[in-house]
Amino acid sequence: MTRPVSSPEHIVAAIISRLNPAVDQGEVAALVQKMIPYQRNRNKVASQLAERPDLLTGAGAHGSATVVALIAELCARDVAGVVAPACPYCDRVVRLSHGRDGLRCCKSCWNNAHTKPCARCGKAATMVRRTDNGESLCGQFARAEPSLHEECSGCGQFSLPARRDGSSVLCKNWAQPPTAICSSCKQSKPCLHTDTASPRCKNCSDKLRATPCSDCGRKRVVSRRTSDAKPLCKECGSMGTCTGCQRVRPLRIRTDVGGLCQTCYKHGPAAQHVCERCGAVGSQHRIGICVACAWPDAVRNLLTGPDGTVRPEIQAVEGALTATDAATGLNWVARTRTQRMLSALAVASGPVTHAQLDELTPATAVTRLRTILVDAGVLSARDERLVSLERSTARRIGRVKDPTSRKILRNFASWHHLRRLRAIASRQRLTHEQVTYAVNSLTAAANLLNWLHDRGRSLAACNQADIDDWLTNDSFSRSRGFVTWAVSRGHARGIEVPRLSNEPVREVFADHDERWSLVRRLLNDDTIATSDRVAGLLVLLYGQRAVRITQLTTEHVIINQDSVELLLADTPISLPPMVGELVLQLLPDRRSVTTPDQEAWLYPAKRLGQPLSPRDLLGRLRALGISPTLGRNTALMEMAAEMPAAVIARMLGISLDRATRWTQDAGNTRPGYAAELTRRATLN
């Protein structure tokens, strides 16, 4: 049955059709009926629009909240002729969610009209709480006011109440909507409308309200609108020209003189406050407390046990953490997994040991804590690569199915690999390649033993035919070391894995000038990072490997009165002036962040106390168009053609045998000529 033309929704549709004759009045009437379900409210809207049709053309701030909502929906549907109203106080086209002096206004202007001086900070702001004495407090100081805090019925901590449910008081974290099965995603989450048949979680509610952003085109919840009422998401709506750097970036704060991005706000005067404890002026971690003063509090809170004290065994841990950089530490403990790790350490018993830390998780947080404690002297230093190898060894031994074979592999790992590497670790730090070689050897040995077990064979009964069959599946097997060891110890007989052909391929730059053009680029191009320029020059000029470059520390740099030397082996190398200047640029930052007992890596990793990974350095060099293999081979070939092998070995830290092979490949006849002279002198 057709409604009469005099119905309020059709009156509204008729008024809108005068602005845009092409509009479908039936659709508009249905929209009005859907948005305004009560007949009384529809009558009021129709009456307002009949008296003031200009409400639809920009004067909507003079209408009711329902009229403003109807105009916003019409603008969202791109109904021509309807203009979104601007706030009458700030002239911004935003959501007019509040009323002020009989007009609709934005939230900011409503807040400005209701601001009062805070009883604590004295600044004019919206008051959110009152003390027992009737003093008005702004949001920041209301959260910090102890007299307003109450014990949360959920977590038991004292904080500002966010919701009351009968006699229960809930803080912000516990004042979540009830948990239910969301009608959209079918997951158990805190949901709205749990008293209806269609509860919805926040994510699904946001998706229903999502609209394509007019700037980026992504479907997002509308945060703001442009002057012509086009929707903008939160990210695009916050974009603007920063008055500090003059770049178009997301604005962190808007001031009287303009907006500021996060970087300019952080380093500008707007973020600088006086610390109530130390009196320092700077950024604050929380209200009235600077970062440096907040860091010890955070450490003590995390290390405090159930009895409210820090147990004596970990007081040294508290001191070591407090001595580290405050800003970095606060970012680190902001992670939930780090907090759980420190809390587990607080409730443990006994002194802190490496074994106790090995039981904690996650590994990344434990590694950082271990490094801090070792640098502070709380724990003794240990070679983490050796510990990692021991764990990997245990896992690979456990993979062997046969108990007898498992015992043989354990003996091989203990007496062939671990004993040798432990002796090396007592003198110097193990390299990544040494550990990787041992792990690969054990992996190949475990795979061979399991392969024999699956075929019903034991290592003692294995013959060469079995090894040949094994090598057809694993032609590049690293099991030769294990097989050779097993035969020498009597665990096997008459079997052998052929030696891999490991003759080096001396591939060099096809163009002789290519190496020197790369050197000139690294010397003169200031847009390249200094660390990458130095690494590339060490490869192209001195044939250094990435693993050796990443192990360099400030102790390897020798500064003389008129030159800079680099200690790559036994004999220091005097660097050319331009190369020496680049190396010196790496020193100030490295030496300023270390203690006398701490190694200052020239190429530090993000992980505290660790050098950069050789793989990462190789990737950075390749990104610059430098082939590390070709550059190193070309440098060594040219040096080997001009210098004796002994000199190369002492300068670059390679073995004499390898240096001799390089001189032979380069056609350097000087070693042979010297040997011939020695032979003649002996004969005479």
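Residues numbered from 1 in each chain as written. Predicted model: local features only at pLDDT ≥ 70, side-chain atom pairs only at ≥ 80, totals over all residues. Heavy atoms only, no water.

Novice: Describe the overall build of the protein chain, naming the residues involved and giving the relevant values.
Specialist: Secondary structure assignment for the protein chain yields 30 helices and 27 strands. The C-alpha atoms of the protein chain give 37 Å as radius of gyration, which overshoots the globular expectation for 684 residues (26 Å, by more than 25%). Here the C-alpha coordinates of the protein chain stretch approximately 130 × 65 × 60 Å along the principal axes. Here the protein chain holds 684 residues, and the buried ones make up 38% of them. Considering only residue pairs separated by 6 or more positions, the protein chain has 41% of its internal contacts joining residues 24 or more positions apart. Of note, the protein chain has its 92 positive side-chain charges centred 5 Å away from the centre of its 63 negative side-chain charges. (Helix = DSSP H or I, 4+ residues; strand = E, 2+ residues; numbered from the N terminus. Rg over C-alpha atoms; globule rule 2.2 N^0.38 Å. Buried < 20%, exposed > 50% of the residue type's maximum accessible area, 1.4 Å probe, protein only. Contact = heavy atoms within 4.5 Å. Lys, Arg positive; Asp, Glu negative; His and termini not counted. Charge placed at Lys NZ, Arg CZ, Asp CG, Glu CD.)

Novice: Summarise the packing of helix α16 (residues 384–399) against helix α18 (residues 432–454); cite the residues concerned and give the values.
Specialist: At a minimum axis distance of 9 Å, the contact between α16 and α18 shows a crossing angle of 5°. Considered as vectors, α16 and α18 are oriented roughly parallel to each other. Taking contact as the criterion, the partners of R385, L389, S392, T393, R396 and R399 in α16 are, on α18, H432, V435, A438, V439, L442, T443, A446 and N450. Of the residues contributing to the contact of α16 with α18, the split by class is six nonpolar, five polar and three charged. (Axes fitted to C-alpha atoms, helices over the stretch in contact; angles between N-to-C directions. Parallel < 35°, antiparallel > 145°, perpendicular 65-115°, else oblique. Nonpolar A, V, L, I, M, F, W, Y, C, P; charged D, E, K, R; others polar.)

Novice: Pulling in residues and values, what's your account of the pairing of strand β12 (residues 188–192)?
Specialist: With three bridges joining them, strand β11 (residues 179–181) and β12 adopt antiparallel strand pairing. The residue bridging I181 from the neighbouring strand is S188, located in β12. Between β11 and the antiparallel strand that follows it, β12, lie six residues; K186 among them carries a positive phi value of about 60°. (Pairing = 2+ DSSP bridges.)

Novice: Break down the side chain of R533 for me, citing the residues and quoting the values.
Specialist: Structurally, R533 can be placed in helix α22 (residues 530–542). In this structure the side chain of R533 is engaged in a polar contact, spanning 3.4 Å, whose partner is the side chain of D526. In this view, R533 contacts L522, L523, N524, D525, D526, I528 and L582; residues no more than four positions away in its chain are not counted. (Polar contact = N/O pair within 3.5 Å; in protein donor to acceptor, adjacent residues only side chain to side chain.)

Novice: Describe unusual backbone geometry, and please don't skip the residues or the numbers.
Specialist: Look at the link from T361 to P362: it is a cis peptide, with omega at 0°. With respect to the element layout, P362 can be found in the loop between α14 (354–358) and α15 (363–375). Non-glycine residue D78 carries a positive phi angle of around 60°. Its location among the elements puts D78 in the loop between α4 (65–76) and β1 (98–100). Even without being glycine, H193 reaches a positive phi, approximately 60°.

Novice: Describe in detail the side chain of R311, supporting the description with residues and values.
Specialist: Considering the arrangement of structural elements, one finds R311 in the loop between α10 (291–303) and α11 (315–322). Side-chain polar atoms of R311 contact the backbone oxygen of L345, separated by 2.9 Å. Looking at R311, its side chain comes within polar contact range of the main-chain oxygen of A348, at 3.0 Å. In contact with R311, not counting residues within four places along its chain, are L345, A346, A348, S349, G350 and Q356.

Novice: Can you lay out empty space enclosed by the protein for me, pointing to particular residues and giving the numbers?
Specialist: In this structure the tally under the stated criterion is one cavity of 30 Å³ or more. Of the voids in this model, the largest cavity is the one considered here, and its volume is about 30 Å³. If you trace the largest cavity, you find it lined by V534, L538, L552, L566, V583, L586, L602 and Y603. For the lining of the largest cavity, the per-class residue count stands at eight nonpolar, no polar and no charged. (1 Å grid on protein atoms, 1.4 Å probe; cavity = no way out; pocket = protein on both sides within 12 Å on 5 of 7 lines; lining within 4 Å. Points joined across faces, edges and corners; volume = space filled by probe spheres on them.)

Novice: Residue-level account of the sheet that holds strand β18 (residues 239–241), with values.
Specialist: Paired through their backbone hydrogen bonds, the strands of a sheet run either parallel or antiparallel. Pairing within the open sheet is antiparallel, and its three strands lie in the order β18-β19-β20. Of all the strands in the sheet, just β18 and β20 (258–261) have a single pairing partner and so form its edges. With strand direction ignored, the average angle separating the axes of adjacent strands in the sheet is 70°. Two strands pair when backbone bridges link them, and β18 and strand β19 (residues 248–255) are joined in this way by three bridges, in the antiparallel orientation.

Novice: Quick one: what's the story with the packing of aromatic side chains, residue by residue and with numbers?
Specialist: Evaluation of the coordinates by the stated rule reveals four aromatic pairs. Ring geometry for F482 against W485: centres 6.3 Å apart, planes inclined by 25°, an arrangement best described as stacked. Pair noted here: F482 and W485 are both in helix α20 (residues 480–488), with a separation of three residues, about one helical turn. Summarising the burial analysis for this pair, F482 and W485 share the class buried. Across from the ring centre of W332, 5.4 Å away, lies the NZ or CZ of R368, which sits over that ring. Taking the ring centre of W516 as reference, the NZ or CZ of R515 above it sits at 4.6 Å. (Phe/Tyr/Trp six-rings, centres within 6.5 Å; stacked < 30°, edge-to-face > 60°. Lys NZ or Arg CZ within 6 Å of the ring centre and 35° of its normal.)

Novice: Tell me about α16, residues and numbers included.
Specialist: Taking 1.5 Å as the rise per residue, α16 with 16 residues should run 22 Å; its terminal C-alpha atoms sit 23 Å apart, in good agreement. Of the positions making up α16, those classed as buried are L386, V387, L389, S392, T393, R396 and I397. (Expected span 1.5 Å × (residues − 1).)

Novice: Kindly report on the nonpolar core, identifying the contributing residues and their values.
Specialist: Formed by 48 residues in total, the largest nonpolar core has its most connected members in L537, Y542, Y603 and L652. When neighbours within four sequence positions are excluded, L537 is seen to be in contact with V519, L522, L523, Y542, V579 and L582. By size, the runner-up hydrophobic cluster in this structure holds 32 residues, among which are W295, L342, V352 and L369. (Core = buried A, V, L, I, M, F, W, Y, C linked by side-chain atoms within 4.5 Å.)

Novice: Residues and numbers for the pattern of salt bridges, please.
Specialist: By the definition in use, this model includes 22 salt bridges. For R209, the salt bridge identified is with D206, shortest N-O distance 2.9 Å. What makes D206 buried here is its relative accessible area of 18%. For D532, the salt bridge identified is with R620, shortest N-O distance 2.6 Å. Taken as a pair, D532 in helix α22 and R620 in helix α26 (residues 614–623) lie far apart in primary sequence, 88 residues in all. Judged by relative accessible area, which is 11%, D532 ranks as buried. The exposure class of R620 is partly exposed, given its relative accessible area of 29%. Salt bridges linked by common partners bring D358, R370, R382, E384 and R391 together as one network. (Salt bridge = Lys/Arg side-chain N within 4 Å of Asp/Glu carboxyl O.)

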